[in-house]
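Listed here are the chains, written in short residue letters.
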Amino acid sequence: MEGDIFSGFGNGTQVDGKVFQTFQKSFVQVQDILDQNRLLINEINQNHESKIPDNLSRNVGLIKELNNNIRRVVDLYADLSSSFTRSVEASSEGDSAGTFKSDGKARQKRIRSG
């Protein structure tokens, strides 16, 4: 089942287990951070609603932590995007139907009739 997610890209390209494990690990890290963010946001909201000065002061640190977590998620997604593009490029070398540029955009190779 796991391999179904990355089993092909429309041109029969296969992703090996190591690549899949790397993607899966990154997605788990992202989900863990997002779960932590949900808890932070709930605490920030409770502190804000309480209007207690100490709680409001605590929100400054919580919001900084939330912002850092968001940066980490962005970085993880950027790394995932780069890794995915590299794996597609490596898997599709020699494929005459199409490739991906390093910016992740698809391009078509011209097929010469002979």
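Asker: Please explain the confidence of the model for the protein chain as it appears in this structure.
Answerer: Close reading of the predicted structure is inappropriate where its pLDDT is low. Model confidence for the protein chain is summarised by a mean pLDDT of 79, while 68% of its residues fall at 70 or above. Within the protein chain, helix 1 (residues 17–50) carries the highest mean pLDDT (94), whereas strand 1 (residues 99–100) carries the lowest (47). Low pLDDT, under 50, characterises residues 1–13; the predicted model gives this stretch 19 contacts beyond four residues in sequence or across chains. Below a pLDDT of 50 lies the segment residues 96–100, which in the model reaches 18 contacts outside its immediate sequence neighbourhood of four places, other chains included.

Asker: Help me understand the side chain of asparagine 47 in this model?
Answerer: Here asparagine 47 shows up in helix 1. Exposure remark for asparagine 47: the relative accessible area of 8% places this residue in the buried category. Ignoring any residue separated from it by four or fewer positions in sequence, one finds asparagine 47 in contact with Ile52, Asn55, Leu56, Arg58, Asn59 and Leu62.

Asker: Which parts of the structure should I look at to understand the pattern of salt bridges?
Answerer: Oppositely charged side chains are able to pair whenever their charged atoms sit close together. What the rule picks out here adds up to 2 salt bridges. Salt-bridge contacts for arginine 38 lead to aspartate 35; the nearest nitrogen and oxygen are separated by 3.2 Å. Taken as a pair, arginine 38 and aspartate 35 lie in helix 1 at a separation of 3 residues, close to a single helical turn. Look at arginine 38 and you get partly exposed, because its relative accessible area is 47%. In this structure, glutamate 43 engages arginine 58 in a salt bridge whose closest nitrogen and oxygen atoms are separated by 2.8 Å.

Scoring rules and cut-offs
Residues numbered from 1 in each chain as written. Predicted model: local features only at pLDDT ≥ 70, side-chain atom pairs only at ≥ 80, totals over all residues. Heavy atoms only, no water. pLDDT = per-residue confidence, 0-100. Helix = DSSP H or I, 4+ residues; strand = E, 2+ residues; numbered from the N terminus. Contact = heavy atoms within 4.5 Å. Buried < 20%, exposed > 50% of the residue type's maximum accessible area, 1.4 Å probe, protein only. Salt bridge = Lys/Arg side-chain N within 4 Å of Asp/Glu carboxyl O.

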